[in-house]
Amino acid sequence: MKIFIPGGAGLVGLNLIARLQENHPDWHLIVVDKKGEAVAIAQDLFPKVTFIEEDLCCLEGQDWPHQLQGCSACVMLQAEIGNTDSSQFERNNVQSTITVLKALKHHPVPRLIHISSSVVNSVATDLYTSTKRRQEELVREARPDAVVLRPTLMFGWFDRKHLGWLARFMHKLPVFPIPGSGRFIRQPLYVGDFCRLIERCLESPELRGSYDITGLEKVSYISLMRQLRRAVRARTLMIHLPIPLFGFLLQCWAFISRQPAFTRSQLKALTAGDEFDVIDWPGIFRVTPTPLAEALRITYQDARYSQLEMPF
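We now turn to the structure provided with this report. (Residues numbered from 1 in each chain as written. Predicted model: local features only at pLDDT ≥ 70, side-chain atom pairs only at ≥ 80, totals over all residues. Heavy atoms only, no water.)

**Quick notes on a nonpolar patch on the surface**
Side chains of V175, L237 and I239 sit close together on the surface and give an oily, nonpolar patch of about 230 Å² of accessible area. Turning to its location among the elements, L237 is positioned in strand β13 (residues 237–241). The class of L237 is exposed, set by a relative accessible area of 52%. (Patch = residues over 30% accessible without salt bridge, like charges linked within 9 Å, V, L, I, M, F, W, Y side chains within 5 Å. Areas by Shrake-Rupley, 256 points an atom, 1.4 Å probe, with all protein chains shown as cover. Salt bridge = Lys/Arg side-chain N within 4 Å of Asp/Glu carboxyl O. Helix = DSSP H or I, 4+ residues; strand = E, 2+ residues; numbered from the N terminus. Buried < 20%, exposed > 50% of the residue type's maximum accessible area, 1.4 Å probe, protein only.)

Right under this line is the structure:
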C-alpha cells in the first residue's frame, strides 16, 4: 500500500509511522508537513519514509499533490491546536483541508481516514473547536465514505505539547501550578492505542462512519498530574492557583512565547466540564486498550523513543 499522510510529523503521525513500519514494512508512507525541524528529526528516525516539507495550503509549485498518484489511502492529520496567531487556525484546519480535498478529487484515493477531535462535541467555542468542526464538515461533505475518528486528549511518544510539555515542566521547576481545585475530569487517550485503530481502518475497508474515540479511564486533572509526576520520576511540588490568576499568567506568557504550549483558550476548555461519551471502540476495532498507568510508563520510560524531545 501507498499511504499519504498530511500533517504526519506530529504526535499521531510519528507514532503511526513507528507502528506501520514495524507491522507493515512493505507499505510506502508519504508524509507532508511544513514544520522543518520536526521533518528533519522524523527523517532521521524513519529513513525509509518519504518526507516532504511543504505547505498543504498550496497546490501550485508543490510536489505533494503529485505524490497522491497511486495512493491507496490518505490519513488526514493536519491541525492547528494552539497558537497566539488566530489566523493559523483557519489556515491550518480549514484552508489546508479544502486544498487537500481538492487534490484528492484530482487524484482519486479510495480510502480517506480523517482525524477529527472530541472538541467537535464540546461546549467550548474557541478557535480550535470552531475550525475543527468546520474541518470535519468539509470532509463529510466531500467524502461521505470517509472514516472520521474523534479522539480525546492524547499522549504518547513524540508529544511536544500536552502531557509531553507538562512532563518537561515538572523536571525543570520545583513547583507545578494546578488551576483551581484540579478536579476537572479528563479522559486521556494513549496514542499507541489510537494508532492501532487507524491501522485497523487501513486494513479493513469495510469500516465506515464516524467514531468518538474516548479514553476509557475517567480521571481528575490533579490525579492525572500526580500519575504523570510518578511516571517521569519528578519531585516537583504541586500548588493550586485560582483560575483567574492562572489565566492571567498564561496571557502574560503568550506575550513572551510565540507558540505557547498551553493557552488561555485551552484553560477554558480544560475547566469547561466536558465529559465525552464512551463507545465500545475496543470491540469495534478489535483492539485491547492499554491501562493508563502502563501507557504512561511506556511513554516516559520505554527505551525506544521516550527520551526524544520534538521541537515546537
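**Quick look at helix α1 (residues 11–23)**
Taking 1.5 Å of rise per residue, 13 residues should cover 18 Å, and α1 covers 19 Å from first to last C-alpha, within 8% of that figure. Of all the positions in α1, only L11, V12, G13, L14, N15, L16, I17, A18 and L20 are classed as buried. (Expected span 1.5 Å × (residues − 1).)

**Quick word on helix α5 (residues 162–172)**
Counting buried residues in α5 gives eight out of eleven residues, a clear majority hidden from the surface. Where α5 is concerned, the buried positions are L163, G164, W165, L166, A167, R168, F169 and M170.

**Section: the environment of A18**
On the secondary structure map, A18 appears in helix α1. Residue classification places A18 among the buried residues on the basis of a relative accessible area of 12%. Separated by 28 residues in sequence, A18 and F46 place their C-alpha atoms 7.9 Å apart.

**A word on the side chain of D33**
Note on placement: D33 falls in the loop between β2 (28–32) and α2 (36–45). Although D33 lies buried, it forms no salt bridge, and the closest oppositely charged side chain, K35, sits 4.1 Å away as judged by the N-O distance. Within the structure, the side chain of D33 is placed 3.0 Å from the backbone nitrogen of K35, a separation counted as a polar contact. (Lys, Arg positive; Asp, Glu negative; His and termini not counted. Polar contact = N/O pair within 3.5 Å; in protein donor to acceptor, adjacent residues only side chain to side chain.)

**Here we look at the packing of aromatic side chains**
Applying the stated criterion across every chain yields a total of nine aromatic pairs. Seen from their ring centres, F4 and W64 are 5.9 Å apart, and the 25 degrees between their planes marks the pair as stacked. With a gap of 60 residues between them, F4 in strand β1 (residues 2–6) and W64 in the loop between β3 (50–52) and β4 (73–76) connect regions that are remote in the sequence. In this pair, the class of F4 matches that of W64, namely buried. Seen in terms of ring centroids, F158 and Y305 are 5.0 Å apart; in terms of plane orientation they differ by 50 degrees. Their pairing is tilted. With F158 in the loop between β7 (154–155) and α5 and Y305 in the segment after α11 (292–301), this pair connects stretches of sequence that are 147 residues apart. Per residue, the accessibility class of F158 equals that of Y305, and both read buried. Three or more aromatic residues joined by ring pairs form one cluster here, namely F46, W157, F158 and Y305. (Phe/Tyr/Trp six-rings, centres within 6.5 Å; stacked < 30°, edge-to-face > 60°.)

**As for the packing of α1 against helix α6 (residues 191–203)**
One can describe the packing of α1 onto α6 by two numbers: an axis separation of 9 Å at closest approach and a directional angle of 60 degrees. Judged by the inter-axis angle, α1 sits oblique to α6. In this structure, α1 meets α6 at a crossing whose hand is right-handed. Two secondary-structure elements touch here, α1 through L11, V12, N15, L16, R19, L20 and N23 and α6 through V191, F194, C195, R196, I198, E199 and L202. Here the contact of α1 with α6 is built from residues that sort into nine nonpolar, two polar and three charged. (Axes fitted to C-alpha atoms, helices over the stretch in contact; angles between N-to-C directions. Parallel < 35°, antiparallel > 145°, perpendicular 65-115°, else oblique. Left-handed = near helix turned anticlockwise from the far one by under 90°. Contact = heavy atoms within 4.5 Å. Nonpolar A, V, L, I, M, F, W, Y, C, P; charged D, E, K, R; others polar.)

**Thoughts on the nonpolar core**
Judged by nonpolar contacts, the single largest core of 71 residues is most densely connected at L149, M225, L228 and F285. Residues in contact with M225, not counting those within four places in the same chain, are L163, L166, M170, F176, I178 and M238. Of all hydrophobic cores here, the second largest spans 20 residues; its members include L56, W64, L68 and L138. (Core = buried A, V, L, I, M, F, W, Y, C linked by side-chain atoms within 4.5 Å.)

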